[in-house]
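Each chain, letter by letter, is given below.
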Amino acid sequence: MRYISTRGGMPPASFSDILLGGLAPDGGLVVPESYPQISTDMLLAWRSLSYPELAFEIVRLFATDIPEADLRGIIQRTYTADVFGSADITPLRTLRAGLHILELSNGPTLAFKDMAMQLLGNLFEYVLGKRNETVNIVGATSGDTGSAAEYAMRGKRGVNVFMLSPHGKMSAFQRAQMYSLQDANIFNIAVQGMFDDAQDMVKAVNNDAAFKARYKIGAVNSINWGRVIAQVVYYFKGYFAATRSNDEQVNFVVPSGNFGNVCAGHIARQMGLPIKRLVVATNENDVLDEFFRTGVYRVRGAAQPTSSPSMDISKASNLERFVFDLVGRDSTKLAALWQQVDQQGGFDLSATSCFGELATTYGFTSGRSTHADRLATIQQVKQQFGVVIDPHTADGMKLALAQPDSAVQTVVLETALPIKFEDTILEAIGERPARPAFADGMEGLPQRVDVMAVDVEALKHYIAERIA
Ligand SMILES: Cc1ncc(COP(=O)(O)O)c(C=O)c1O
Ligand SMILES: N[C@@H](CCOP(=O)(O)O)C(=O)O
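Since the structure is predicted, the reported quantities are computational estimates derived from the model, not experimental observations.

What to know about the confidence of the model for the protein chain
So, point 1. Overall, the predicted model of the protein chain reaches an average pLDDT of 96, with 100% of residues at or above 70.
So, point 2. Both confidence scores are given for the complex: pTM 0.97, ipTM 0.99.

Next comes the structure, spelled out in structure tokens:
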């Protein structure tokens, strides 16, 4: 399997070559030349596999230059009951007939990001070791990617992590998870802006080819293709858990911000997984909902702070990967659209055939939630099913509860545990969510973080100084 850029300006490269990097050299995102196709026989055989076995079968289709025995070992080491709390790794919780939650947040940092980041940490270590190289990861987080990356990379030889987060916008738990880490290879930078500003700074560093090469800059955001394929796996696992036969279809409802999670669902569907609908759930920052309803992609000036803060994103990075497929994998068309994003703040596909294909060919629908919806959904799910869900999962659940199609199993992806957003849970149901023992007193620990303006040169200077 070889990899190209959505914008057409990268010679085909191997998986190991693109694994450590972020953006393609032309500013596009890395995608495979084609998606592997899963036959009915393969789907049948995969139904009974354990999570690590299934992950191996899927990842090996993409990581074709890693010897299979090595890849199997890496994956077996990654997806263990010790790290993810049960041998199931992603248990399916049934709320009522036809409605389920896929638990993705039982890893070390209590959010779905661990599902991919734990694998990425082990893959990085393997590839760096083979090549005798080092990497300096520069990432942006709205709250969960950062801690998942730092927990996956802390103490790893040859890896430094520079993680940008929006100053004062994350929950107290999220801040404590990241900023209380004292490892010498972890650098937390609180940017005086929103997540989009931080992501733009990361992309600007990636677009400076000389700086990137000199300081061996790598990525862990979902601009990194390795992140996305690791997320494809749980769509297959969730499908098998929610159905009895491969003749059935499933709807996945996915709380969305940067479009990484649901992009993995799109890829699973393109590979042949029988997904009927992919439901994109946003909060008040509803750029993606607007796109799927109207065909207009309109980046807002600044994302609005909400009570599902990890989805406070106005420029959905991975949408570029999906739109590449939508325009027939035509990199000239794609590059022109993203030039419009840069120059005019968006594009309009409403009058093109692509608009109809969003729902028909690609199965997408969407919806949005407000703070009041979020509180009401958390209350309703607690009252009806005795389950406390986090505010992001609630944004998805609101749409799932309104789904008319009861013949098709609906699976809501749980993206974080409620303890990460204690204040909102308290506001919704008047009680504090369960807190794991390891997190007792975490918010009181000393924190290590540097505050920075939205200034790319200051970031480059900061990185260069720390590496030297
Ligand atoms: C808890 C939580 N829910 C949902 C999302 C949105 O996922 P994505 O950015 O992959 O669309 C994120 C961040 O990415 C998150 O941290
Ligand atoms: N919600 C994310 C934002 C970054 O998304 P990513 O999937 O591109 O890493 C976060 O919690 O940081």
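Points about the site of ligand 2
So, point 1. In the region of ligand 2, 14 residues are neighbours, and Thr141, Asp144, Thr145, Ser222 and Gly260 sit closest.
So, point 2. Looking at the shell around ligand 2, its residues break down into one nonpolar, twelve polar and one charged.

Here's the deal with helix α7 (residues 145-153)
So, point 1. Across the nine residues that make up α7, a large majority, nine, are buried.
So, point 2. Burial in α7 covers these residues: Thr145, Gly146, Ser147, Ala148, Ala149, Glu150, Tyr151, Ala152 and Met153.
So, point 3. Two residues or fewer past α7, Gly155 is found with a positive phi of approximately 75 degrees.

A closer look at the site of ligand 1
So, point 1. Near ligand 1 you find 16 residues, and of these Asp144, Asn258, Gly260, Ser310 and Thr415 are the closest.
So, point 2. The residue inventory of the shell around ligand 1, partitioned by class, reads five nonpolar, ten polar and one charged.

Describing the pairing of strand β5 (residues 135-140)
So, point 1. Extensive coverage of β5 is indicated by the burial of six of its six residues.
So, point 2. Of the two faces of β5, the one lined by Val135, Ile137 and Gly139 and the one lined by Asn136, Val138 and Ala140 are each fully buried.
So, point 3. Bridging between β5 and strand β6 (residues 159-166) involves six bridges; their strand directions are parallel. Within β6, the residue paired with Val135 across the bridge is Val159.
So, point 4. The parallel pair β5 and β6 is bridged by α7, and the resulting crossover is right-handed.
So, point 5. Bridging between β5 and strand β8 (residues 217-218) involves two bridges; their strand directions are parallel. Of the residues in β8, the one forming a bridge with Asn136 is Ile217.

Structural notes on the environment of Arg2
So, point 1. Its place among the elements puts Arg2 in the segment before β1 (3-5).
So, point 2. Considered as a pair, Arg2 and Ala264 are 262 residues apart in the sequence and their alpha carbons are 18 Å apart.
So, point 3. Among residues more than four places away in sequence, those in contact with Arg2 are Pro12, Ala13, Ser14 and Glu33.

Details of the sheet that holds β6
So, point 1. If you trace the five strands from one edge of the open sheet to the other, you get β8-β5-β6-β7-β15, paired in parallel fashion. Every interior strand has two partners, whereas the edge strands, β8 and β15 (450-452), have only one.
So, point 2. Of the strands in this sheet, β5, β6 and β7 (186-191) touch α7, which is tilted by about 165 degrees from β6.

Definitions and cut-offs
- Residues numbered from 1 in each chain as written.
- Chains lettered and ligands numbered in written order.
- Predicted model: local features only at pLDDT ≥ 70, side-chain atom pairs only at ≥ 80, totals over all residues.
- pLDDT = per-residue confidence, 0-100.
- Near = placed C-beta within 6 Å.
- Nonpolar A, V, L, I, M, F, W, Y, C, P; charged D, E, K, R; others polar.
- Buried ≥ 20, exposed ≤ 12 C-beta atoms within 10 Å, placed from the backbone.
- Helix = DSSP H or I, 4+ residues; strand = E, 2+ residues; numbered from the N terminus.
- Pairing = 2+ DSSP bridges.
- Right-handed = clockwise from strand over helix to strand, strands pointing away.
- Contact = placed C-beta atoms within 7 Å.
- Axes fitted to C-alpha atoms, helices over the stretch in contact; angles between N-to-C directions.

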